[in-house]
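# Fold and geometry: a report
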Amino acid sequence: MRLNISGIQGRKGAFFRVERELPGDFLKTLPEISRVLGPISAELKVTNTGDAYLVTGSLSVEVELRCSRCLEPLQTRLEATCEQEFLKEPEFDEEEELLEEQHVVEGNELDATSLIRETLLISVPMKVVCSPDCPGLCPSCGASLAEGDCGCPSPDVDIRLAPLSKLLELSPQAATPERRKDHGSTKEETFQGKGQQKES
Ligand SMILES: [Zn+2]
Ligand SMILES: [Zn+2]
């Protein structure tokens, strides 16, 4: 989405608003999104701040996601706000390398495409459920438990605790460096010295 800024160039404090509908096909690259149900609606405001152009605004688009428990499709409206400065000139660091991730105007145009994309992509929820009490799928046969009992024996506790026991396995290793630190402390040494008489 390229915006012509010639109307506010050289006029600090000047701004304009723009409303556009844009294709949201790029959202389909996300595995969480099964369908894009309409265009992206973008309402942006571009302000000349003197040193840069500030783009602020709101974006929304209707999409179909899948419930992360039962995998049923569900429709939702992604909504996000954005705020990004576009520099008048590119900025360089001490080694004259172009600083990364900077947005710069190109002549009398400003390209908000990547801003819109990134804003919407990070607005997609990692997990979404069709209802707070969605029972999900049977871990044995994969049937949707919302549609009734599948007849499988009740889920094995071990299966449900498996992720937890993994965490428990990991935690002693994770704690090792901290313990070493404790052993190195004066307090710990004194205590051990009393008990084991290793050090005088
Ligand atoms: Zn569900
Ligand atoms: Zn089952």
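The rules behind each value
Position labels on residues start from 1 in each chain and follow its written sequence. Chains and ligands are labelled sequentially in the order written, the chains with letters from A and the ligands with numbers from 1. Whole-chain, interface and lining totals are the exception, using all residues; otherwise, since this is a predicted model, local features are given only for residues with pLDDT of at least 70 and side-chain atom pairs are given and counted only at 80 or more. In this text, helices come from DSSP runs of H or I with a minimum length of four residues, and strands from runs of E with a minimum of two, each type numbered from the N-terminal end. With C-beta atoms placed from the backbone, a residue is labelled by how many other C-beta atoms lie within 10 Å of its own: buried for 20 or more, exposed for 12 or fewer, partly exposed between the two. What counts as a contact is two residues whose backbone-derived C-beta atoms lie within 7 Å of each other. The pLDDT score gives, residue by residue, the confidence of the prediction method on a 0 to 100 scale. Here, the arc refers to the directions that run from the helix axis to the C-beta atoms. We define the nonpolar core as any set of buried residues of the types Ala, Val, Leu, Ile, Met, Phe, Trp, Tyr and Cys, connected via C-beta atoms lying within 7 Å of each other.

Looking now at the overall build of the protein chain. Across its full length, the protein chain holds three helices and seven strands. Helices and strands appear in the protein chain in the N-to-C order β-β-β-β-β-β-β-α-α-α. Buried positions account for 12% of the 200 residues belonging to the protein chain. Counting contacts in the protein chain only where the partners sit at least 6 residues apart, residues at least 24 apart contribute 56% of the total.

Below, the discussion takes up the environment of histidine 103. Inspection of the secondary structure assignment puts histidine 103 in the loop between β6 (73–87) and β7 (109–111). A residue is classified by how many C-beta atoms lie within 10 Å of it, and histidine 103, with 17 of them, is partly exposed. With sequence-adjacent residues up to four places away left out, histidine 103 is seen in contact with Gln84, Glu85, Phe86, Leu87 and Leu115.

With 75% of its residues at a pLDDT of 70 or more, the protein chain has an overall mean of 81. Across the protein chain, strand β4 (residues 40–48) holds the top mean pLDDT of 97, while helix α3 (residues 186–196) sits lowest at 41. Across residues 173–200 the pLDDT falls below 50, and counting only partners more than four positions away or on other chains, this stretch makes four contacts in the model.

Our next topic: helix α1 (residues 113–123). Taken together, the buried positions of α1 are occupied by Leu115, Ile116, Thr119 and Leu120. Across the axial projection of α1, the buried residues extend over an arc of 115 degrees, all falling on one side. Exposed residues lying more than 90 degrees from the buried face of α1 are Thr113, Ser114 and Ile122. Its buried side turned inward, α1 meets β2 (15–22), β4, β5 (52–66) and β6.

A general tendency of soluble globular proteins is for nonpolar side chains to be buried together. Judged by nonpolar contacts, the single largest core of 20 residues is most densely connected at Val55, Ile116 and Leu120. Elements with a contribution of two residues or more to this core: β4, β5, β6 and α1. Top element by residues in this core is β5. It accounts for six residues. Once you skip the residues sitting within four places of it in the chain, valine 55 turns out to touch Leu44, Val46, Cys82, Gln84, Phe86, Ala112 and Leu115.

Now for unusual backbone geometry. In this model, leucine 71 sits at a positive phi of 65 degrees, which is unusual for a non-glycine residue. Its 13 C-beta neighbours within 10 Å are what place leucine 71 among the partly exposed residues.

This part covers the environment of glycine 13. Relative to the elements of secondary structure, glycine 13 occurs in the loop between β1 (2–4) and β2. Exposure remark for glycine 13: the 9 C-beta atoms within 10 Å place this residue in the exposed category. Distance from glycine 13 to tyrosine 53, taken between C-alpha atoms, is 9.6 Å for residues 40 residues apart in sequence.

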